[in-house]
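Here is what each chain is made of, one letter per residue.
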Amino acid sequence: LEVQFTQSQKMQAIGQLAGGVAHDFNNLLTAMIGFSDLLLTRHGPDDPSFADVMQIRNNALRATGLVRHLLAFSRKQTLKPQMIDLSEVLAELSNTLLDRLLGPTIDLQFEHSRDLWPVRADKGQFEQVIINLAVNARDAMPGGGTLTVRTANRSLGEAIQRGHEVVPPGEYVVVDVMDTGVGIAKENMERIFEPFFTTKDVGEGTGLGLSTVYGIVHQTGGFLLLDSAPGEGTVFSIYLPRARDDAPALDRYRAGTTSGTG
Ligand code: ADP
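Reference entry: report on the structure contained in this document. For clarity, every value in this text was computed on a predicted model and none was experimentally measured.

1. So, the sheet that holds strand β7 (residues 170-179)
- Read across the sheet, 5 strands follow the order β2-β4-β7-β9-β8 without closing on themselves; strand pairing throughout is mixed. At either margin of the open sheet sits one strand with a lone partner, and together these are β2 (106-111) and β8 (223-229). Along the sheet, successive strands turn relative to each other by an average axial angle of 15°, direction set aside.
- Summarising the sheet, β2 and strand β4 (residues 145-156) pair through 6 bridges and their orientation is parallel. Of the residues in β4, the one forming a bridge with Q109 is T148.
- Packed on one face of the sheet, helix α3 (residues 86-102) meets β2, β4, β7 and β9 (233-241) and runs near 175° to β2.
- Each of β8 and β9 is contacted by helix α5 (residues 209-219), which is oriented at about 140° to β8, the strand it contacts most.

2. Quick notes on α5
- Taken together, the buried positions of α5 are L210, S211, V213, Y214, I216 and V217.
- Two residues or fewer after α5 comes G221, characterised by a positive phi angle close to 90°.

3. Some remarks on the packing of aromatic side chains
- Counted by the stated rule, this structure contains 4 aromatic pairs.
- Ring plane angle 85° and centroid distance 6.4 Å describe the contact between F193 and F236, whose orientation is recorded as edge-to-face. Here the residue F193 occupies a position in the loop between β7 and α5, and F236 occupies one in strand β9, the gap between them amounting to 43 residues. In this structure, F193 and F236 share a single accessibility class: buried.
- Put simply, the rings of Y172, F223 and Y239 pair up and form one aromatic cluster.

4. Here we look at the site of the ligand
- Near the ligand there are 19 residues, and of these N136, D179, T198, T199 and K200 occur at the shortest range.
- For the ligand, an oxygen atom lies 2.9 Å from a polar atom in the backbone of T206.
- Against a free-state accessible area of 530 Å², the protein chains account for coverage of 93% of the ligand.
- For the shell around the ligand, the elements supplying multiple residues, two or more each, are α4 (123-140), α5 and β9.
- Examining the composition of the shell around the ligand, we find that 3 residues originate from one element, α4, more than from any other.

5. A closer look at the packing of α3 against α4
- The contact between α3 and α4 brings their axes to 11 Å, and the two run at 40°. What the angle tells us is that α3 and α4 run oblique. Considering how the two elements wind past one another, α3 and α4 form a crossing that is right-handed. Here α3 contributes L86, V89, L90, E92, L93, L97, L98, L101 and L102 to the contact with α4, which in turn contributes K123, F126, E127, I130, I131, A134, V135 and R138.

6. With respect to a nonpolar patch on the surface
- On the surface, a cluster of nonpolar side chains totalling about 290 Å² of accessible area is made up of L17, V21 and F25.
- Examined against the element boundaries, L17 turns out to sit in helix α1 (residues 7-43).
- In this structure L17 comes out as exposed when scored by relative accessible area, which is 58%.

7. So, the packing of α4 against α5
- Two elements in contact, α4 and α5, have axes separated by 9 Å at closest approach and are oriented at 150°. Between α4 and α5 lies a crossing of left-handed hand. Counted together, Q125, Q128, V129, N132, L133 and N136 of α4 and G209, L210, T212, V213, I216 and V217 of α5 form the full contact between these two elements.
- Residues belonging to the contact of α4 with α5 are distributed by class as follows: 6 nonpolar, 6 polar and no charged.

8. Quick notes on the environment of L208
- Mapped onto the elements of the fold, L208 is located in the loop between β7 and α5.
- Residues L208 and E194 lie 14 residues apart in sequence; the distance between their C-alpha atoms is 7.8 Å.

9. Brief notes about the nonpolar core
- L86, I130, L147, V175 and I238 are the most contacted members of the largest nonpolar core, which totals 40 residues.
- With 7 residues, the single largest contributor to this core is α4.
- Apart from the residues lying within four places of it in its own chain, the contact partners of I130 are L90, L93, L98, V175, V177 and I238.
- Counting residues in hydrophobic clusters, the runner-up holds 9 residues, among them A18, L29, I33 and L71.

Calculation notes
- Residues numbered from 1 in each chain as written.
- Predicted model: local features only at pLDDT ≥ 70, side-chain atom pairs only at ≥ 80, totals over all residues.
- Heavy atoms only, no water.
- Pairing = 2+ DSSP bridges.
- Helix = DSSP H or I, 4+ residues; strand = E, 2+ residues; numbered from the N terminus.
- Axes fitted to C-alpha atoms, helices over the stretch in contact; angles between N-to-C directions.
- Contact = heavy atoms within 4.5 Å.
- Buried < 20%, exposed > 50% of the residue type's maximum accessible area, 1.4 Å probe, protein only.
- Phe/Tyr/Trp six-rings, centres within 6.5 Å; stacked < 30°, edge-to-face > 60°.
- Near = heavy atom within 4 Å.
- Polar contact = N/O pair within 3.5 Å; in protein donor to acceptor, adjacent residues only side chain to side chain.
- Areas by Shrake-Rupley, 256 points an atom, 1.4 Å probe, with all protein chains shown as cover.
- Parallel < 35°, antiparallel > 145°, perpendicular 65-115°, else oblique.
- Left-handed = near helix turned anticlockwise from the far one by under 90°.
- Patch = residues over 30% accessible without salt bridge, like charges linked within 9 Å, V, L, I, M, F, W, Y side chains within 5 Å.
- Salt bridge = Lys/Arg side-chain N within 4 Å of Asp/Glu carboxyl O.
- Nonpolar A, V, L, I, M, F, W, Y, C, P; charged D, E, K, R; others polar.
- Core = buried A, V, L, I, M, F, W, Y, C linked by side-chain atoms within 4.5 Å.

Distances and angles like these do not, on their own, reveal function.
Here it is in structure tokens:
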């Protein structure tokens with residue numbers, strides 16, 4: 001008997017497993033850090049093993065950071081969706097964090113369409129999505145390149161299917177995050193959204209960036225499409241459904257919290 005799991009069921013199962021493991025590890029690591037501290041205070045910096053114990057403690061601390069990532073991924077995050085204008089959120093992000101994150105060898109292009117439809121999304125989580133994609137793009141362009149973030153309104157007359165992902169017909173705000181990097185090998189295309197899948201060196205990649213992106217986009221009611229050509233570059237396209245039924249709330253949001261530049 002063959003049991004078919006959907007991609008999201010698979011992600012959920014792995015997430016639960018990861019959460020359980022992370023929780024137990026967290027307790028063990030807390031004990032390791034606690035006992036290291038005890039040794040450090042008992043022996044002091046003149047003791048020949050002080051530096052070694054310090055190493056143990058610092059590595060345990062790093063492991064705690066990793067575990068925290070895991071817990072964040074597996075926990076059912078409670079999203080606080082609100083009406084947002086993605087162009088504004090992206091403009092803010094690209095002026096500050098993204099510029100710094102990408103460094104001088106990567107050219108950041110931001111092409112935003114006017115009168116972008118509103119979407120209902122958690123602003124902080126959406127920023128996390130863009131940051132994760134930007135970090136990956138940066139890592140894919142070690143010799144420099146261009147990262148383009150583009151927004152557009154899009155009416156889909158028919159469904160788009162690519163791999164596991166099916167985007168039903170409807171109205172969407174699309175955000176393309178496009179790099180001119182190394183691209184993704186064909187045999188990895190289906191696997192990159194799995195938690196822990198990474199081609200990066202130990203300590204550099206956790207393999208949790210894209211599974212987090214996948215989780216947030218789907219919890220927001222959206223879809224994620226991927227196009228990549230090895231040696232040419234990669235495009236991640238985020239499709240978020242147009243929000244319609246809450247126009248007054250958007251007006252209130254605009255009036256209250258944004259400066260209204262365009
Ligand atoms: P991590 O970045 O920690 O490896 P991710 O889940 O974010 O974890 O990414 C998984 C893998 O997908 C990466 O190790 C890399 O091989 C591949 N990948 C993701 N984004 C890109 C990109 N923009 N270009 C090329 N490869 C990518």
